[in-house]
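Examination of the molecular architecture
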Amino acid sequence: MPPSSPPLRRSLLFWGIVLVDGALWVAAFTWQPPEVHSAPILAVNVWPGTETFIVARNSGRIPNQTINFVEISWSSSAMRAFANHALDAAVLTLNEALQLRELGQSMKVLAVIDESVGADALVGKPGISRMADLKGRKVAVEMRSAGQYLLGRALHEAGMSWQDVEMVPIIAPESALAFGELGVDAVATAEPWLTHLLKNGGTVLCDSSKFPGEMQRVLVVREDLVRKNAADLADLVNAHFETLPLHTQPAPVLKVLQQRETLTPVEWEAVFSKIRMVPRADQGKFLSGPGAQLKESLTIVHEHLKAYGMMEDAADWEIPLDDRFVVP
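As a starting point, this report considers the structure included with it. (Residues numbered from 1 in each chain as written. Predicted model: local features only at pLDDT ≥ 70, side-chain atom pairs only at ≥ 80, totals over all residues. Heavy atoms only, no water.)

**Describing helix H5 (residues 146-157)**
What counts, and what does not: Secondary structure is summarised from DSSP: a helix means a run of H or I of at least four residues, a strand means a run of E of at least two, and numbering begins at the N terminus for each. Here the expected length of a helix is defined as 1.5 Å per residue gap, with one fewer gap than residues. For every residue, the accessible area obtained with a 1.4 Å probe (protein chains only) is divided by the maximum for its type, and the residue is called buried under 20%, exposed over 50%, and partly exposed between those limits. In protein, a polar contact requires one atom able to donate a hydrogen and another able to accept it; more generally it is a pair of N or O atoms within 3.5 Å, and residues adjacent in sequence count only if both atoms are side-chain atoms.
Over its twelve residues, H5 extends 16 Å from the first C-alpha to the last, a length consistent with the 16 Å expected when each residue adds 1.5 Å. Counting buried residues in H5 gives ten out of twelve residues, a clear majority hidden from the surface. Every buried residue of H5 is listed here: Ala146, Gly147, Gln148, Tyr149, Leu150, Leu151, Gly152, Arg153, Ala154 and Leu155. Put simply, serine 145 is the residue that caps the front of H5, since its side-chain oxygen is 3.1 Å from the backbone nitrogen of glycine 147. Looking one or two residues past H5, glycine 159 carries a phi angle of roughly 75°, positive in sign.

**Here we look at the nonpolar core**
The test is simple: What is meant by a nonpolar core is a set of buried Ala, Val, Leu, Ile, Met, Phe, Trp, Tyr and Cys residues, joined one to another through side-chain atoms within 4.5 Å. The contact criterion used throughout is that any non-hydrogen atoms of two residues lie within 4.5 Å.
Residues Leu42, Leu122, Leu134, Leu219 and Leu294 are the most contacted members of the largest nonpolar core, which totals 91 residues. Filtering out sequence-adjacent residues up to four positions away, leucine 219 remains in contact with Leu42, Ala89, Ala90, Val91, Lys108, Val109, Leu110, Ala111, Ile113, Leu236 and Val237. By size, the runner-up hydrophobic cluster in this structure holds ten residues, among which are Ala140, Ala178, Phe179 and Leu194.

**Topic: the environment of tryptophan 268**
Mapped onto the secondary structure, tryptophan 268 falls in helix H10 (residues 265-271). Along the backbone, tryptophan 268 and glutamate 191 are 77 residues apart, and their C-alpha atoms lie at a distance of 9.9 Å. Apart from residues no more than four positions distant in its own chain, tryptophan 268 is found in contact with Glu51, Leu246, Leu254, Leu257, Gln258, Glu261 and Leu263.

Now the structure itself:
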C-alpha cells in the first residue's frame, strides 16, 4: 500500500488534535476529584464533664488521624470558631447550640453529655446574699453563653430584668478575678471557676439546679460530617462512654484532669456531685422518637431565649437529634 500523502497526514493530525482537545475539555467540566478524608476538629472546653474526651486523646484511644482536638477555655470562643467553620464539633449548652442555629449553622445533636445540677451559678461577692441586692449593681457575665442564660433565668425568677443590673462582659477564665480585679458585685460562672469563687467568700444566689432539663451540655456536629465521617464520630462517642464514670480512672489520669481543671481531688469529687453525667443507657429517652426529652428541653430554652431578647423569633430554630451513635 503506498504511503499516505502529506495532505492526508496533516488532516489526520488535525482531527486527532481536535478529538484530544475536546476530550480534555469534557474531562475538565465533568471530572470530580476524589473526596479527601480529613479528621473532624472537636473543641474541648474547660468543663469537668468533657474531660472524657481528654482521657480518650491522652490515652491514644482517639488518635489525631481520627479526631483533631482543640482545647478552648470558654464556650463563646468555641461558638465563634464553629460559626466561622474552624470547628466541626463542640460540646455546648442548649442555649449556646440554639444561638448558633440562629446564625444559620446546620448541625445535629449526637449525644447528651451531662446535666448541670448546680455546677453553673450566679455568685454574689461577700455581702451580697439575695437577688434583690443586685439592683443597680455590676454583674460579670460571658455574653451569649450559659452564664448569660442563667443570669436571665435568675433575674426572671426574682421578678427582675436586664435593666435592673449592669452587665460587665468577661470571658469565663476571668471569673475567678471578678470580685477583686474587676470590681463587680456578682458573676455568672461555671465550674471549675465556681469552686474558686466560693473559696473566696462568694455566695450562690441562684444555680442550675433550679432549672431542671435546661442546663444540659450536648455534643453537636455539622450535619454533613455525619455522612462523611460516621465511623470517626462513632469512635468518638464510644470513647466518651467507655471513659465513664470518670472517678474510676487510674490515679495518674485523674491527676492530669484535676490539674487541667485546677481542682484538688476533694474539689473534683465535690464538683461531680453537681454534674449528672448521662450514660449510654439513658441516651434513647433524650434523643429517640417524637417524645424525646431533649426536644422538650430545647423548646423550653428557646422560649426563654426569645423572652429575654437573647434570640430572635426565627421560624427555623430546631436542631435535629440523631441517635444512631448511642442507641443500638
